[in-house]
Each structure stands twice: as C-alpha cells, then as structure tokens.
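Structural characterization, general
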Amino acid sequence: MRVDVLNTPGIKTWASTMPASDSSRRYKLNGAEANGLSDSLTSSRTDTGNGCRVKDRCKLGSEKEKVYPSDRGSGDGSHKVRDDEDGHLVYQAGDFLQARYEVISTLGEGTFGKVVEVKDVHRPSVQMRSNDHVALKIIKNVEKYREAAKLEINVLEKLRDKDPTGKKLCVQMLDWFDYHGHMCLAFNMLGLSVFDFLKENNYIPYDLDQVRHISYQLCYAVQFLHENNLTHTDLKPENILFVNSDFDVTFNPKKKRDERHIKNTDIRLIDFGSATFDHEHHSTIVSTRHYRAPEVILELGWSQPCDVWSIGCIMFELYTGFTLFQTHDNKEHLAMMERILGSLPYRMTKKTKTNFFWHGRLEWDPTTSSGRYVRENCRPLYHYLKDKGPEHLLLFDLIEKMLDYDPASRICMKEAKRHQFFQSLHDKAEDEAEEAARAAAAAATPRNPVNGKLLACGDQASNPIVIDESSCESDKTSLGANGDI
C-alpha cells in the first residue's frame, strides 16, 4: 500500500522480487517455500514471496489469464466478470471497475491477489501531475482472503478516524469496495520500500543520518499504533515505503561502482493486514521470520513489545545492508540470538512449552552444518560496528535495548524516541510542534464580539481554543498546579 506519486520513471515498484543477498534461506518459513505477496503492496522475503518489478511487470492477458474480448466492457456492469483458476480477477488495460477506476497496468501479484495501477477518473489531475493514478489492491475471490481484507479495512478505517490527515505516517486508505466478490482497497502511490531501494542499490547500506531519520519516523508511526492499542505484528523493511524514492547517482572511485543516494527519506508504514488490537485474538505465530521476537518463537504470548524487537532488527539491517537473523529454522534462529546477544534468560527457557531446550539450555550442536553456519556468520552485536564513533555507539545502544530478550523490560516506543541517538530529531520535532502551535494560536486568535478588535495579550477569550502542541500525546509532560512536574 503506497502513497503519493513518483516523478522518476521506473521507480514505481510495488511488488519487487526479493532475492536475499545470501541464498534462498530467507525465502523459506519453517522449511516451507514461500510464494506470492504479503497482504501489503510489497513483496516479502519469507512468509510472502515474490511479485513483479516495473521492468518485468506481469503481462495483462497472459496465457494463464486468457482475456476474451466478448467478456470485456466499459464498466457499466453489462459485461461478464471472470476469475482465473486461482481466484484472481481477470482484466486488461482499459477496463473500468465501478465505472471509476481505469486499469493501467499490473504492479504485482501474490497469494492474496493483485496490485494494479489504475486511473481514478473522479480524481482530477493537478498541474499535470499524475495524482489521479492510485494503487488498487484487488483481493482474490476466495473466502479466507476476502475475510482477511475486511479485517484490514476495519483497521485502516479506525486509523483514519484517529489520524484523518495522515500526520502519523501510516498509509491511508482512500476507498474500498466489493467488486463481484473481490475486495478492492485504493491507496495513493508511494515509492520503493526501503528494502527494494537497498536491493537495487546492491545492498549498499544507508548512511547513519538516513538510518536515524528512517528509524525515528518508524518509531513515531508505531508509537501511534501502540497508543491506540494496536500491534502491527509484521514490521519489516518491505513494509516501510519512501514517499518518493528519487535518487542521485555518484561514482565511487574506490569501489569502482555507481551508488544511489535517496533524496528524501520521508517514509510511510504500510500493510495492516496482520495488525491486531489488544482485545482481539492473538495468533500464536506472528511476524516475518527474520524480525520475529523470541517470545513469539517460544510461544510465550506476545503484545506490542514484539514490534519493538522487529524495529531493532530493521535498524540493524538499514545500517549494515544485511539481515541480522538470516535463517528459516526456529532452533537455528535461537542459536543465532544467543551467539549475537548472549544466553536467553532461564525464566523464559523454563516457561516455554516448546522442545528447544533441555534443563533450560538450548539443545544445539555447534559441530553440525547448521552449527558451523551460525558460528561463521554470527558474532556479538557490537562487532558489527562500522565505526566506533559516539553516534555509531549510540545507535547500537538503542538496538541493544530494542533486542532485550524480556518483553517486559524491552524499551518502549516513547522511550526509544527520546533516546540520545534521536536527540537532534526529537528536539527538532518538539520545536516544530511548538512553532506550529504558536502559528495556529495566532491564526485562531478570537476577536472581541463587541468592538471587533483582537484580544490583547493576557485577555481572556470567552471560547478558549485548545491546541495540540505535541506530535504524540503521550510525550506531553503533565504539570502540577504550581507548574511542578
């Protein structure tokens, strides 16, 4: 689910294939091959699978999806609507849905359905920009996917009610409808995911300031979810999209290669298909493999701290260019954790009902091929530092706090935003919020109802105006009657 239009040809990638930098290990989940797309508009490395890049977009009317001219129509409902053998809607360029959305091209497809670029004929272009083009997520005409889509629609509508202007950096749904059994969700267009940009840039990691800005925005968005009793449960680089992925290219003479540098690191968080409210049923297993918290693997129950663990893994990946836990097996995953972060707490290993431990210790043979793989490819967390400067150390201090084994003591989003690594951004955000509040207060200063003059400083308005002075209400500090904290 992407937002806003891109101006650079070839950058509108909604469902890029996702090869790992290190074999097909990350294409599997619990030993099973993954195929298809996640319930987002991007591809996944494990649980979700492959889609189509712009340069190799799925051909409309391919062999699998035979299109019969007699079945096509102008969108007035007179033509026959057809599905293929997998439940995908059969369409071709120029078709209309709801007499409103004109099909342009297929952006990607997967197990849940397809993502299609469409032109919204009810949404006029502004200054020749293609903001009348939106992404339409067309769900398969299959009951389980249809019901899952309804759950996602419910989450997106509630988020929109809480944040109607989209200031909290979560993607916003523009429209939804049921098209002959196919649930369809419309979104603005966005740029590449932070993973797809990384992949197309030959896995050259983001620089420290870019890691800082992307990570801060992610914490900001997820804090909004958590404050509204919602856990995303599927945070990963594929679900973090640049608003615009335009870039500059420079030549690196030392490495003799071209390198891309993203111009704007503004992001949006997408894919709420697995988001779960606190009061709802919690599935035993959540999250894509590489970003799955230990309490989930150990089946100890989970809540919002599992999102924090995922963010710690994401920040590491942005900084290094590769995945922290490159595995598809539960026990190997736990062995990697212990190799990188130290031994799991005894209270957690004794509490779990899984069979990974013996008397509280992980049953793991370091002499096997898997054991050698972990030993050769994993090392203690701080050994991954590229520089021992203070800013790099602060980054790893925050990652370490996010990767606390115990969800009860793991840092929360409010605390993470105030971490010293984010100090400059947090101070700037507070300054901007205060400036915006002052500007809003000045613009909304009431006039005296008797003589029409502006109220003087210190005068009491008959209808006081309440201004939201903070980007996140939980960041506000309560003051006592005397101004004491």
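The model shown is predicted, which means the values in this text are computed figures rather than measured ones. (Residues numbered from 1 in each chain as written. Predicted model: local features only at pLDDT ≥ 70, side-chain atom pairs only at ≥ 80, totals over all residues. Heavy atoms only, no water.)

Within the chain one finds eleven helices and 16 strands. Sequence-distant contacts, at least 24 apart, represent 66% of the contacts inside the chain between residues at least 6 apart. For the chain, the computed accessible surface area is about 22,900 Å², with 48% contributed by carbon and sulfur atoms. (Helix = DSSP H or I, 4+ residues; strand = E, 2+ residues; numbered from the N terminus. Contact = heavy atoms within 4.5 Å. Areas by Shrake-Rupley, 256 points an atom, 1.4 Å probe, with all protein chains shown as cover.)

This paragraph deals with the pattern of salt bridges. According to the stated counting rule, one finds 16 salt bridges in the structure shown. In this structure, Asp 248 engages Lys 263 in a salt bridge whose closest nitrogen and oxygen atoms are separated by 3.9 Å. On the criterion of sequence distance, the pair formed by Asp 248 in strand E11 (residues 247-252) and Lys 263 in the loop between strand E12 (257-262) and strand E13 (267-269) is long-range, its members being 15 residues apart. By relative accessible area, Asp 248 is classed as partly exposed at 40%. Across the salt bridge formed by Glu 259 and Arg 257, the nearest N and O atoms sit 2.9 Å from each other. On the accessibility criterion, Glu 259 (11% relative accessible area) is buried. (Salt bridge = Lys/Arg side-chain N within 4 Å of Asp/Glu carboxyl O. Buried < 20%, exposed > 50% of the residue type's maximum accessible area, 1.4 Å probe, protein only.)

Next up on the list: the sheet that holds strand E5 (residues 113-120). Judged by pairing direction, the sheet is antiparallel, and its six strands sit side by side in the order E3-E4-E5-E6-E8-E7 without closing on themselves. Each of the sheet's edge strands pairs with one partner strand only, and the pair in question is strand E3 (96-97) and strand E7 (173-179). Direction of pairing for E3 relative to strand E4 (residues 101-109): antiparallel, over a ladder of two bridges. Its bridge partner lying in E4, Leu 97 is registered against Tyr 101. (Pairing = 2+ DSSP bridges.)

Where like charges cluster on the molecular surface, the negative patch consists of Asp 427, Asp 431, Glu 432 and Glu 434. You can see Glu 432 is positioned in helix H11 (residues 423-443). (Patch = residues over 30% accessible without salt bridge, like charges linked within 9 Å, V, L, I, M, F, W, Y side chains within 5 Å. Lys, Arg positive; Asp, Glu negative; His and termini not counted. Charge placed at Lys NZ, Arg CZ, Asp CG, Glu CD.)

Our focus in this paragraph is the nonpolar core. Core analysis: the largest hydrophobic core is formed by 100 residues, its most contacted members being Phe 272 and Met 402. The leading source of residues in this core is helix H3 (residues 208-227), at eleven residues. Filtering out sequence-adjacent residues up to four positions away, Phe 272 remains in contact with Glu 152, Val 155, Leu 156, Leu 159, Cys 170, Val 171, Leu 225 and His 232. Listed in part, the 14 residues of the second largest apolar core include Tyr 101, Val 103, Phe 177 and Cys 184. (Core = buried A, V, L, I, M, F, W, Y, C linked by side-chain atoms within 4.5 Å.)

With that settled, the discussion passes to H3. With 20 residues, H3 extends 28 Å from end C-alpha to end C-alpha; this agrees with the ideal 28 Å at 1.5 Å per step. Buried residues dominate H3, accounting for 17 of its 20 residues. Two or three places before Asp 209, at the start of H3, stands the capping residue Asp 207, its side-chain oxygen 3.2 Å from that residue's backbone nitrogen. Positioned one or two residues after H3, Asn 229 has a phi angle of 60°, which is positive. (Expected span 1.5 Å × (residues − 1). Polar contact = N/O pair within 3.5 Å; in protein donor to acceptor, adjacent residues only side chain to side chain.)

Our focus in this paragraph is the side chain of Glu 295. Mapping Glu 295 onto the fold places it in helix H4 (residues 294-297). Residue Glu 295 is classed as buried on the basis of its relative accessible area of 2%. Engagement of the side chain of Glu 295 in a polar contact is seen with the side chain of Arg 410, the distance being 2.9 Å. Apart from residues no more than four positions distant in its own chain, Glu 295 is found in contact with Leu 300, Gly 301, Trp 302, Pro 305, Cys 306, Met 348, Tyr 405, Pro 407 and Arg 410.

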